[in-house]
Amino acid sequence: MGASSVAQRPDGQSDRCPESRSSTDPRATSWAEVVRLRTLPAAVAPVILGGGAALALETFSAPRTVLAAGVALALQIGCNLANDYSDGVRGTDDERTGPPRLTASGAVPPRVVKLAAFGCFGVGGLLGLALLALSGQWWMLLLGAAAIAAAWFYTGGSRPYGYAGLGEAFVFVFFGLMATTGTLYVQGGSVPGWAWLAACGIGLIACSLLMVNNLRDIGTDPLHGKRTLAVRLGERGARAAFCAMLAVPIPLGVIALWWARSAHEVRSAQGGVEVPGGGAAVVGYLLYLVYLAYLLLLVPLAVRAVRPVLRGVAGRTLIPSLRDAGMYELVYGIATAVALVVVAL
């Protein structure tokens, strides 16, 4: 840390005082890096998917979907800030290959970063309360509290579970399953099986963002006791896991679409709605076109994200893969949402 001063905290961690700065203040850039603006669209991708599923089931509510998106964004930003704070005061970010962090660099006092994280959690909580007030699903307060606690204790507290390689489990559950099915549930009060399958797909892509981020720091994290899943798997295993996290969601999405279409046909038959023979053939061709377009859109994006990882690039040169995986998740959410609406027509 050079000339930066370090003050010992009661909990054994340390607060870093800001270093002297030049006339060019880097704080705005640093805040943007910590918030990770380029990956934020991926935070709302599960909500878009859940909203599309609700539209396919004819239970869609725009206000509830917007509120759910606000909750997802607030928790994502809060989690990023909490990660910056906790890793910074532990010294984990003193040696890293990624973008500079606020706390570790001394650009912003640790207390300010911590308060910013809690502020985001508070905003997410307020938006969540508004969402529950509209839906009446007050039991989901427990899920919201669990999500906030999980966001903080990922790298916070005396025994952060992110340091034990459980970060991907948190991401899969809260930024995959819960964000997708929760958005659907507060609108329709139920979640069909195909929606859970689609949620698994987008949850795996969300996990890939964390995996490639930790792959970038695989050489320095163990020095600070941070045994992420990437560290536990080893570099080769982490690269394979990243590729699988981007590949598996495509067949999961196709199966979810087929399942949703089958369920729609059953509901239509039970409702006495019949499609004439010629019309059924046209519908069949249209469905094949939907599946084909779905594959043609997603496969190239997945390949683009995994190509650098398969080539063995490391360090900061993995940042494009992180960016592309985030874009892939956003497109996956939009494409699956649109396709679900189409197959339900």
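Before reading on, note that the structure itself is shown above.
Here the structure is a predicted model, which is why all the values come from computation and not from measurement.

What counts as what
- Residues numbered from 1 in each chain as written.
- Predicted model: local features only at pLDDT ≥ 70, side-chain atom pairs only at ≥ 80, totals over all residues.
- Heavy atoms only, no water.
- Salt bridge = Lys/Arg side-chain N within 4 Å of Asp/Glu carboxyl O.
- Helix = DSSP H or I, 4+ residues; strand = E, 2+ residues; numbered from the N terminus.
- Buried < 20%, exposed > 50% of the residue type's maximum accessible area, 1.4 Å probe, protein only.
- Axes fitted to C-alpha atoms, helices over the stretch in contact; angles between N-to-C directions.
- Parallel < 35°, antiparallel > 145°, perpendicular 65-115°, else oblique.
- Left-handed = near helix turned anticlockwise from the far one by under 90°.
- Contact = heavy atoms within 4.5 Å.

## Comments concerning the pattern of salt bridges
Close approach of charged atoms lets side chains of opposite charge pair. One pass over the structure, following the stated rule, counts six salt bridges. Between Glu265 and Arg261 there is a salt bridge, and its shortest N-O distance comes to 3.2 Å. One end of the pair, Glu265, and the other, Arg261, are both in helix H10 (residues 249–270), four residues apart, so they sit about a helical turn from each other. For Glu265, a relative accessible area of 41% gives the class partly exposed. The buried category is assigned to Arg261, whose relative accessible area is 9%. Arg323 serves as the salt-bridge partner of Asp324, at 3.2 Å between the closest nitrogen and oxygen.

## Examining the packing of helix H5 (residues 110–135) against helix H6 (residues 141–153)
The geometry of H5 relative to H6 is characterised by a closest axis approach of 11 Å and an angle of 165° between their N-to-C directions. Of the possible angle classes, the one that applies to H5 and H6 is roughly antiparallel. Here H5 and H6 pass one another in a crossing that is right-handed. Of H6, the residues touching H5 (which contributes Lys114, Phe118, Phe121, Leu129 and Leu132) are Leu141, Ile148, Ala151 and Trp152.

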